[in-house]
Amino acid sequence: MTDTDDEIVFGREGGLGTVLLNRPKALNALTHEMCVALDKQLRDWATDGGIKAVLVKGAGEKAFCAGGDIRKLYDEGRAGGRYPYDFYHDEYITNALIHYFPKPYVSFLDGIVMGGGCGVSIPGSHRIATERVMFAMPETGIGLFPDVGGSFFLSRCPGRVGEYLALTGARLKAADCVHAGVADWHVPSDRLIELETALKDADLTDFERASAVIATFAADPGEAPLAQMQTGIDRLFSGDSVEAILAALDDDGGEWAAKQASIIRAKSPTSSKIALRQVREGAKRDFHGCMQMEWRMVNRIIAGHDFYEGTRATVIDKDQAPKWQPPSLEQVSEADVDAYFAPLDDGDLKFD
């Protein structure tokens, strides 16, 4: 068994193809090798008549997948290597493959689900959240943006929830995941093994049959705090710019609004502005179009400053004091934002 096989383990149980993200000590963070291996295996299973559905889960009880291997992206990117470009290119191709996968693609969202972990689960057809789930897209805090299809699934959250999640990196539990539309069912963690057995034994002839099997295990996740906050979120996050949203939060006068404003002001100004743009633009595009847009954006991120500074401050030195460039929203012009979305000289992603 190779190192890559150790990091991601593929199995076959009846008509069920299984994927285990197997880096529990690293919270199952994705490496480039894992993305490449997953892409190849999914392409094989897509045309394998014996495979009726795919199940993806994470090793251990702490995380489904906490994101990409940020430390390696930081080191390789600062050294000027190709790794960040290759990683994001292949990751985004895999995200699209998952979204358009021709068979049920089931994810057990059990534990932390962030960044790259969202990309190998949320684009799929059947997303199951347990009581241990903690979903978040906190990328603007490291000078990135909510990628891996975030422009697609955040833009399709109810009301202005997508903008709220993109700008604040707010963390969601099971009920909120279902309300936001990033999970389809809540199943208690102690029933996952039983559910996996049922999926293995079922005749999963189509997407509806997989849904019917899962529904027999689904439980009420309880009331979603997001649902109670929906009216306020819609009012406060409807502005046409980050500055307008902050003004609305400041004018609100409430404790919650003040906290959200403080959170946003601590993020990368550039990332905040491009994240708001991407969510609004994502609503107009299909998944392929969203991934093309994100590929353009991430190329500029890799060549820029804030991703490395944000990663340094939160992951490397952990001083939590990033020095963003530019340091204020007012210094990030519309032209600066436009540049992140402009076509690339060497072309866009090529989807099979």
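The structure we're discussing is the one just above.
Residues numbered from 1 in each chain as written. Predicted model: local features only at pLDDT ≥ 70, side-chain atom pairs only at ≥ 80, totals over all residues. Heavy atoms only, no water.

Details of the overall build of the chain
If you tally the helices and strands in the chain, you get 17 helices and nine strands. Relative to a compact globule of 352 residues, whose C-alpha radius of gyration would be 20 Å, the chain shows 20 Å and is just as compact. Taking contacts inside the chain between residues at least 6 apart in sequence as the whole, the part at least 24 apart equals 73%. In the form shown here, the chain has an accessible surface area of approximately 14,400 Å², with 50% of it arising from carbon and sulfur atoms. Of the side chains in the chain, 37 bear a positive and 54 a negative charge, and the two mean positions are spaced by 1 Å. (Helix = DSSP H or I, 4+ residues; strand = E, 2+ residues; numbered from the N terminus. Rg over C-alpha atoms; globule rule 2.2 N^0.38 Å. Contact = heavy atoms within 4.5 Å. Areas by Shrake-Rupley, 256 points an atom, 1.4 Å probe, with all protein chains shown as cover. Lys, Arg positive; Asp, Glu negative; His and termini not counted. Charge placed at Lys NZ, Arg CZ, Asp CG, Glu CD.)

What about the nonpolar core?
Counting residues in hydrophobic clusters, the biggest one holds 91 residues, and the most contacted among them are Leu 21, Tyr 88 and Phe 135. In contact with Tyr 88, other than residues within four places in its own chain, are Leu 73, Leu 144, Asp 147, Trp 295, Val 298, Ile 302 and Phe 307. Among the nonpolar cores identified, the runner-up in size contains 17 residues, and Leu 16, Leu 195, Ala 202 and Ala 210 belong to it. (Core = buried A, V, L, I, M, F, W, Y, C linked by side-chain atoms within 4.5 Å. Buried < 20%, exposed > 50% of the residue type's maximum accessible area, 1.4 Å probe, protein only.)

Notes on the packing of aromatic side chains
Applying the stated criterion across every chain yields a total of eleven aromatic pairs. Aromatic pair Phe 10 and Trp 45: ring centres 6.0 Å apart, planes at 85°, arrangement edge-to-face. Taken together, the residues span a long stretch of sequence, with Phe 10 in strand 1 (residues 8-13) and Trp 45 in helix 2 (residues 32-46) at a distance of 35 residues. Considering the side-chain rings of Tyr 74 and Tyr 308, the 6.4 Å spacing of their centres and the 50° angle between planes classify their relative orientation as tilted. Taken as a pair, Tyr 74 in helix 3 (residues 70-78) and Tyr 308 in helix 16 (residues 306-316) lie far apart in primary sequence, 234 residues in all. Taken together, the aromatic side chains of Tyr 83, Phe 87, Tyr 88 and Tyr 92 make up a single cluster linked through ring pairs. Across from the ring centre of Phe 152, 3.7 Å away, lies the NZ or CZ of Arg 156, which sits over that ring. (Phe/Tyr/Trp six-rings, centres within 6.5 Å; stacked < 30°, edge-to-face > 60°. Lys NZ or Arg CZ within 6 Å of the ring centre and 35° of its normal.)

What about the layout of surface pockets?
Its boundaries defined by the atoms lining it, the largest pocket holds a volume of some 850 Å³. If you trace the largest pocket, you find 38 residues lining it, with Met 114, Pro 138, Ile 142, Thr 314 and Val 315 closest to the centre. Taken together, the elements giving at least two residues each to the lining of the largest pocket come down to helix 3, helix 4 (83-99), strand 8 (134-136), helix 13 (255-266) and helix 16. Of the residues in the lining of the largest pocket, the class split is 23 nonpolar, nine polar and six charged. In this structure, the second largest pocket spans a volume of roughly 210 Å³. Taken together, Leu 20, Lys 57, Gly 58, Ala 59, Gly 60, Phe 108, Asp 110, Arg 132, Ser 189, Leu 192, Ile 193 and Glu 196 make up the full set of residues lining the second largest pocket. Considering each element in turn, the lining of the second largest pocket owes the most residues, three residues, to helix 9 (residues 192-201). Among the residues forming the lining of the second largest pocket, the class breakdown is five nonpolar, three polar and four charged. (1 Å grid on protein atoms, 1.4 Å probe; cavity = no way out; pocket = protein on both sides within 12 Å on 5 of 7 lines; lining within 4 Å. Points joined across faces, edges and corners; volume = space filled by probe spheres on them. Nonpolar A, V, L, I, M, F, W, Y, C, P; charged D, E, K, R; others polar.)

Focus: helix 2
Under the 1.5 Å per step criterion, the end-to-end length of helix 2 is 21 Å for 15 residues, consistent within 8% with the ideal 21 Å. All buried positions along helix 2 are accounted for by His 32, Met 34, Cys 35, Ala 37, Leu 38, Asp 39, Gln 41, Leu 42 and Trp 45. (Expected span 1.5 Å × (residues − 1).)

Some points on helix 11 (residues 225-236)
An α-helical turn contains 3.6 residues, so any two residues separated by three or four positions project in the same direction. When the terminal C-alpha atoms of helix 11 are compared, their 16 Å separation across twelve residues agrees well with the 16 Å that a helix rising 1.5 Å per residue should span. Along helix 11, the residues classified as buried are Leu 226, Gln 230, Ile 233 and Leu 236. Axial view of helix 11: buried residues confined to an arc of 155°, hence all on one face. Exposed side chains of helix 11 directed beyond 90 degrees from the buried face belong to Gln 228, Thr 231 and Arg 235. Along its buried surface, helix 11 packs onto helix 7 (161-168), helix 8 (174-180), helix 12 (242-252) and helix 13. (Arc of directions from axis to C-beta.)

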